Amino acid sequence: MVNRIYDYIIIGAGSAGCVLANRLSESGKHNVLLLEAGGEDKSPWVHIPIGYGRNFSNPNVNWLYESEPGVDWVKRRIKQPRGKVIGGSSSINGLIYMRGQKEDYEHWRQLGNTGWGYDQVLEYFKKSEDQEKGAGKFHGVGGPLTVSDPREKHPLADAYIKAAINSGYKLNDDFNGSEQEGFGYQQWTTRNGRRCSAAVGFLNPVRRRKNLTIESKAHTNRIVFDGIRAVGVEYEQRDQIKLAMAAREILISAGAYNSPQLLQLSGVGPSDILSELEIKMVANREGVGKNLQDHFNAPLMFELNENFTLNDVLNRWGPKIDHIMRYLFQQRGFLSMGVAYAGGYIKAHPSSVSPDIQNLLMLFTSELIGGPVDPFPGCASVVALLRPESRGSVNISSADPKLPPEITYNFLTAEKDRETLILGVKKVREIMRQEAISRYIVREVRPGTGSDRDEDILDFLEKSGRTSYHPVGTCRMGSDDEAVVDPRLRVNGVKSLRVVDASIMPTLVSGNTNAPVIMIGEKASDMVLEDNS
Ligand SMILES: Cc1cc2nc3c(=O)[nH]c(=O)nc-3n(C[C@H](O)[C@H](O)[C@H](O)COP(=O)(O)OP(=O)(O)OC[C@H]3O[C@@H](n4cnc5c(N)ncnc54)[C@H](O)[C@@H]3O)c2cc1C
């Protein structure tokens, strides 16, 4: 047992943890310890964007979780990858840069989360950003997170955008600008054709700060309390149990699965779970682990008549070598590509006042995500539900910190989720039937029926629906008694402990979650420093 004292201890070097480590050590006045269960981000496949395909099932960088089968709907396990490496999920994600909608943050504010309205979060999005489009009302330059356009256009993406416009949708050249609705190219968190993870942007440039200690392969087992005050962290590294003490605060940034797990293991959680597992209770907090949400999606897939997709590059030596050379010498081509090239945001449900469906065009297809690509040219047009009403949970089923938590989603249990996804699939199929893109399509491969009957679409969702790997909400922020953290992200019922990551989102934002979590890390850093000044 080694005892050392720091001002701040951060658990988890993911999207939020890397931001905290940078900002809290910036002044040089505070000693900061960053603990990460995974290893260093040395693998080239973390840095070459297309590596997300490999990392999807690579145990060296991934926790490889699975969710429980649903009871009434989606009665099967679904893979739940999570980054277990410096950079966390930002080191293995699909690189799409999306903030969600103004309305998402206004909704958080209306729920009682003072300080989290759109104007207040916008300043932090801009602070973190180095936007290739340049600075403006909605964008910043000079920040640690580089945001880029694809380095070249693709004829299928052009055709898809044209098909959407011919279907009556707007062209949108900036989904993170004045409005999200419409179709266009996606932006990626890449810098010169390489991944700009939270580690690359925020952590690696400041590794030499004397007041910042980074410990990788350091698995936190539990928070140590003195009464209700969090005073230290017990972690395991190279088969040794160690103890680090915090003079000011402990910040949990272990992500939407592991943050509630860690709280429960430490005695902060629902009393029935704690007593059943004989964990000494520090605070009875029923909300810890509840409110789990993700973007469930329908991955429509098509066989194409042109050899211009990633499938062809991976299946044939000629194009493979060509793309490797293009990447090595120009940092271009498929190796520099984020998961989706183009996309669109549409209103599907009649009651929606802002887009409720995200449609992503991916230039590859495979039966199993992360598995081998199909032996023909193909593209996927993924239809994701942006604001689900179904709610799940994350709970420990053992007091052993090394065992995975139980992840239960209850996808599609809310009727509106089913309705919106069915309508979304129909609208996206209308786009894919437009001549501009249908001239490239040989057939729909998955589901393959082409049937727009509600029951057939639902059947596809039941059997083949996927998640978008955006779990949030399990340490919900709020100003009510049930909330896990207050609007300054302090854990209710205890002292000197905050949660700072995707788990604090009260509701899921209408877009991908890396940029919002980085914003949360930026805003939390200011709050921590203010509250301790
Ligand atoms: C396959 C995949 C694709 C995605 N695609 C996109 C995308 O294209 N665009 C986008 O915006 N978002 C995407 N996301 C989501 C996005 O990356 C996450 O929402 C975001 O990174 C979450 O940040 P976080 O800080 O909450 O958690 P994480 O980044 O997951 O960080 C948590 C960290 O804590 C560590 N940790 C956990 N438990 C412990 C412990 N007990 N002790 C020590 N360390 C611990 C983990 O190893 C990890 O490094 C994707 C995610 C995945 C997995």
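Please read these numbers as outputs of a predicted model, since none were measured by experiment.

Visitor: Looking at this structure, I do not really get the sheet that holds strand E16 (residues 290-292). What am I missing?
Guide: The pairing of strands in a sheet comes from backbone hydrogen bonds and takes either a parallel or an antiparallel form. A sheet is described by the order of its strands in space; here three strands give the open sequence E16-E21-E22, paired in antiparallel fashion. Every interior strand has two partners, whereas the edge strands, E16 and strand E22 (406-408), have only one. Looking at each pair of strands side by side, their axes are set apart by 35° on average, direction ignored. Contacting E16, strand E21 (392-395) and E22, helix H8 (residues 255-265) crosses the sheet at an angle of about 50° to E21.

Visitor: What am I meant to see in the pairing of E21 here?
Guide: Moving residue by residue along a regular strand, the side chains alternate between the two faces of the sheet. One ladder, built from two bridges, connects E16 with E21; its direction is antiparallel. From the neighbouring strand, Lys-290 faces E21, where its bridge partner is Ser-393. Both E21 and E22 contribute to a ladder of three bridges, which runs antiparallel. Counterpart to Val-394 in the pairing with E22 is Ile-407.

Visitor: I'm lost on a nonpolar patch on the surface in this one. Help?
Guide: Together, Trp-317, Ile-321, Ile-324, Met-325, Leu-328 and Phe-329 line one region of the surface with nonpolar side chains, adding up to about 690 Å² of accessible area. Residue placement: Ile-324 occurs in helix H11 (residues 317-330).

Visitor: It is not clear to me how the site of the ligand should be interpreted in this structure. Could you clarify?
Guide: Taken together, 37 residues lie near the ligand, and Ser-15, Glu-36, Ser-89, Thr-513 and Asn-514 sit nearest. Gly-94 is positioned such that a nitrogen or oxygen atom in its backbone is 2.9 Å from a nitrogen atom of the ligand. When the ligand sits alone it has 1000 Å² of accessible area, and the protein chains cover 97% of it. Secondary-structure elements contributing two or more residues to the shell around the ligand are helix H1 (15-25), strand E11 (218-226), H8 and helix H15 (514-531). Top element by residues in the shell around the ligand is E11. It accounts for three residues. Broken down by class, the residue content of the shell around the ligand amounts to 15 nonpolar, 18 polar and four charged.

Visitor: For this particular structure, what's the right way to read the pattern of salt bridges?
Guide: It is possible for side chains of opposite charge to pair when their charged atoms get near one another. What the rule picks out here adds up to 33 salt bridges. Its salt-bridge partner being Lys-133, residue Asp-149 comes within 3.3 Å of it at the nearest N-O pair. Residue Asp-149 is found in the loop between strand E6 (145-147) and helix H6 (155-166), and its partner Lys-133 is found in the loop between strand E5 (129-131) and E6; the two are separated by 16 residues along the sequence. A relative accessible area of 27% places Asp-149 in the partly exposed class. Counted as one network, the salt bridges with shared partners bring together Glu-249, Asp-486, Arg-488, Arg-490, Arg-498, Glu-530 and Asp-531.

What counts, and where the lines are drawn
Residues numbered from 1 in each chain as written. Predicted model: local features only at pLDDT ≥ 70, side-chain atom pairs only at ≥ 80, totals over all residues. Heavy atoms only, no water. Pairing = 2+ DSSP bridges. Helix = DSSP H or I, 4+ residues; strand = E, 2+ residues; numbered from the N terminus. Axes fitted to C-alpha atoms, helices over the stretch in contact; angles between N-to-C directions. Contact = heavy atoms within 4.5 Å. Patch = residues over 30% accessible without salt bridge, like charges linked within 9 Å, V, L, I, M, F, W, Y side chains within 5 Å. Areas by Shrake-Rupley, 256 points an atom, 1.4 Å probe, with all protein chains shown as cover. Salt bridge = Lys/Arg side-chain N within 4 Å of Asp/Glu carboxyl O. Near = heavy atom within 4 Å. Polar contact = N/O pair within 3.5 Å; in protein donor to acceptor, adjacent residues only side chain to side chain. Nonpolar A, V, L, I, M, F, W, Y, C, P; charged D, E, K, R; others polar. Buried < 20%, exposed > 50% of the residue type's maximum accessible area, 1.4 Å probe, protein only.

Remember that the coordinates give geometry; whether it matters functionally is a separate question.
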